[in-house]
Amino acid sequence: MAKKASTHRMAAKKKPKARKSQAAASPGEVTGEEGFVWTRKDLLGLDELSPQEVVHMLDTAQSFEEVSTRSIKKVPALRGKVVALMFFEDSTRTRMSFELAASRLSADTLLFTAKGSSVSKGETTLDTVKNIEAMGVDVFVMRHGESGAPHMVARQVTGSVVNAGDGAHEHPTQALLDIYTMRQRLGHLAGLKVAIVGDIAHSRVARSNILGLRKLGAEVVVVGPRTLVPQAITAMGCEISHSLDDVLGEVDVINMLRIQFERFGGGLFPSLREYHQIYGMNGERLARCRKDVLIMHPGPINRGVELTSEVADGPNSCILQQVTNGLAIRMAVLYLVTQSQGDRRE
Ligand code: CP
């Protein structure tokens, strides 16, 4: 059993205490346990986390929200630590959010992007990581086009590995920030009905969201054409619908996903225009939803495909709030995995 960490300090010598969930009163809601201690070296996916670990991550993020409201937006929790941002695949939001999160925690950062690196000379992922580890790295934040790449690296390095998206497998911090935003906006998670719409087959965001939401008692319906929704997804505890119109009026949240052309090239539906007509969110469809339905999207959005600008920029959209919340989630992730290093080294 890991000892309680005491090595990291917030400003004013305070360790961020995971605040109790706002949603304690909801029946079936998973709430934070007093004295719970995070013991994992890595964050590779939501699959392996217990409901209590997911809630602890959300509650720790809630504690970090306040840091971003200060005039000096920094705490010394990771002072002296090195966070390597290893991006073998493109990113805007995740990479910048982790970079800013590390900076707010006073860590030093190293940025690796595959483009312009020695990957073009044939260096393998593991050799690249091992060489960067030799510079003295405490946390690897890793995005990779191959499912399982961060898991392979985690077995080979001493430092912590955080999965920033691996192939079509998992994107745990995206799901955590999505779930955090739902809890923040709606006050609870148990009993919520969440529609995840679009390219389910190639989506690591869908997989991590389904895993996290089901652990915390929400219902999930995945919506899309048969070519983009594998029947086997029901094994994760969600329903399937091939009609967005059928589910509009019965869900609390609609999470629209991007079509991941880079993972299949095309040919799974006739045209983007037709896709938008059947599965796109527009003002007319929004009018048939519950008044306070939350419209989400992990980004990057394709305006006019997954959703119109009227919906993306409208009052039900929380797309930019998701991005804001991503910072607190990533501060919590970096903090907790390094805290567990402290426990293991004591
Ligand atoms: N949502 C997300 O992962 O966006 P990026 O690809 O820009 O990081």
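Being a predicted model, the structure only gives us computed values, none of them experimental.

*Asks:* What exactly am I supposed to notice about the site of the ligand here?
*Replies:* Inspection of the region around the ligand gives Ser91, Thr92, Arg93, Thr94, Gly165, Gln174, Pro298, Gly299 and Pro300 as its neighbouring residues. Tallied by class, the residues present in the shell around the ligand amount to two nonpolar, six polar and one charged. Looking at the shell around the ligand, you find at least three residues from each of domain 1 (26–169 + 326–345) and domain 2 (172–322).

*Asks:* When you look at the nonpolar core in this model, what are you seeing that I'm missing?
*Replies:* Soluble globular proteins tend to pack their nonpolar side chains together in the buried interior. Counting residues in hydrophobic clusters, the biggest one holds 92 residues, and the most contacted among them are Met86, Leu105, Phe140, Val141, Met331, Ala332 and Leu334. Tallying contributions element by element places helix α12 (residues 319–345) first for this core, with ten residues. Three or more residues apiece are contributed to this core by two domains, here domain 1 (26–169 + 326–345) and domain 2 (172–322). Not counting residues within four places of it along the chain, the set of residues in contact with leucine 334 comprises Leu78, Val83, Ala101, Ala102, Leu105, Ala107 and Val139.

*Asks:* What should I look at first to understand unusual backbone geometry in this one?
*Replies:* Negative phi values dominate among residues other than glycine, just as trans dominates among peptide bonds. Here the residue pair glycine 299 and proline 300 is connected by a cis peptide bond, since its omega of -5° sits within 30 degrees of zero. You can see proline 300 is positioned in the loop between β9 (294–296) and α11 (309–312). We note that serine 106 has phi near 70°; this positive angle belongs to a residue other than glycine.

*Asks:* Teacher, can you tell me more about helix α1 (residues 51–64) here?
*Replies:* Helical geometry: 3.6 residues make up each α-helical turn, so side chains three or four residues apart lie on a common side. The terminal C-alpha atoms of α1 lie 20 Å apart, and with 14 residues this matches the ideal 20 Å at 1.5 Å per residue to within 8%. Where burial is concerned, most of α1 is hidden: ten out of the 14 residues are buried. Among the residues of α1, those classed as buried are Val54, Val55, His56, Met57, Leu58, Asp59, Thr60, Ala61, Gln62 and Phe64.

*Asks:* Please clarify how helix α2 (residues 93–104) should be interpreted in this entry.
*Replies:* For α2, built from twelve residues, the straight-helix expectation of 16 Å at 1.5 Å per residue is met to within 8% by its first-to-last C-alpha distance of 16 Å. Those residues of α2 lying buried are Thr94, Ser97, Phe98, Ala101, Ala102 and Arg104. An end-on view of α2 places all buried positions within 160° of arc, on one side of the element.

*Asks:* Would you mind going over the environment of lysine 130 with me for this structure?
*Replies:* With respect to the secondary-structure elements, lysine 130 resides in helix α3 (residues 125–133). C-alpha separation for the pair lysine 130 and glutamine 156, spaced 26 residues apart in sequence, amounts to 8.3 Å.

*Asks:* For this particular structure, what's the right way to read the environment of proline 51?
*Replies:* With respect to the helices, strands and loops of the structure, proline 51 is situated in helix α1. By C-beta crowding, proline 51 is classed as partly exposed, having 15 other C-beta atoms within 10 Å. Not counting residues up to four positions away in its chain, the partners in contact with proline 51 are Val30, Lys215 and Leu216.

*Asks:* Please explain the packing of α1 against helix α5 (residues 172–186) as it appears in this structure.
*Replies:* Between two packed helices, both the angle of their axes relative to each other and the distance between the axes serve to describe the pair. Taken N-terminus to C-terminus, the directions of α1 and α5 make an angle of 70°; their axes are 10 Å apart at the nearest point. Relative to α5, α1 is oriented roughly perpendicular. From α1, Met57, Leu58 and Ala61 reach across to α5, where they touch Leu176, Ile179, Tyr180 and Arg183. Of the residues assigned to the contact of α1 with α5, the class counts are six nonpolar, no polar and one charged.

*Asks:* I'm lost on the pairing of strand β8 (residues 253–256) in this one. Help?
*Replies:* In summary, the side chains of a regular strand alternate between the two faces of the sheet. Burial along β8 is two-sided: the face carrying Val253 and Asn255 and the face carrying Ile254 and Met256 are both buried. Strand direction decides the pairing type here: strand β5 (residues 193–197) and β8, joined by four bridges, are parallel. Paired with alanine 195 across the two strands is isoleucine 254, which belongs to β8. As paired elements, β8 and β9 share three bridges and run parallel to each other.

*Asks:* Explain the sheet that holds strand β7 (residues 239–241) to me, please; I cannot follow it from the model alone.
*Replies:* Each strand in a sheet pairs with its neighbour through backbone hydrogen bonds, running either in the same direction (parallel) or in the opposite one (antiparallel). An order of β7-β6-β5-β8-β9 is seen for the five strands of this open sheet, with the pairing classed as parallel. Both outer strands of the open sheet, β7 and β9, are each paired with one neighbouring strand and no more. Across the sheet, the mean angle separating the axes of adjacent strands is 20° when strand polarity is ignored.

*Asks:* So what exactly am I meant to see when it comes to the sheet that holds strand β3 (residues 139–144) here?
*Replies:* Taken together, four strands build an open sheet; the order of strands is β2-β1-β3-β4 and the sheet is parallel. Strands at the two margins of the open sheet, each flanked by one partner only, are β2 (108–113) and β4 (160–166). For this sheet the average axis-to-axis angle between neighbouring strands, irrespective of direction, equals 15°. Alignment of strand β1 (residues 82–87) against β3, held across five bridges, turns out to be parallel. By the bridge assignment for β3, methionine 86 is matched with methionine 142.

*Asks:* Sorry if this is basic, but what is going on with the pairing of β4 here?
*Replies:* Counting buried positions over the seven residues of β4 gives seven, a clear majority of the element. Direction of pairing for β3 relative to β4: parallel, over a ladder of five bridges. Bridge pairing in β4 links methionine 142 to asparagine 163. As a crossover connection, the stretch from β3 through helix α4 (residues 149–154) into β4 is right-handed.

About the thresholds
- Residues numbered from 1 in each chain as written.
- Predicted model: local features only at pLDDT ≥ 70, side-chain atom pairs only at ≥ 80, totals over all residues.
- Near = placed C-beta within 6 Å.
- Nonpolar A, V, L, I, M, F, W, Y, C, P; charged D, E, K, R; others polar.
- Domains from an automatic or database assignment.
- Core = buried A, V, L, I, M, F, W, Y, C linked by C-beta atoms within 7 Å.
- Buried ≥ 20, exposed ≤ 12 C-beta atoms within 10 Å, placed from the backbone.
- Helix = DSSP H or I, 4+ residues; strand = E, 2+ residues; numbered from the N terminus.
- Contact = placed C-beta atoms within 7 Å.
- Expected span 1.5 Å × (residues − 1).
- Arc of directions from axis to C-beta.
- Axes fitted to C-alpha atoms, helices over the stretch in contact; angles between N-to-C directions.
- Parallel < 35°, antiparallel > 145°, perpendicular 65-115°, else oblique.
- Pairing = 2+ DSSP bridges.
- Right-handed = clockwise from strand over helix to strand, strands pointing away.

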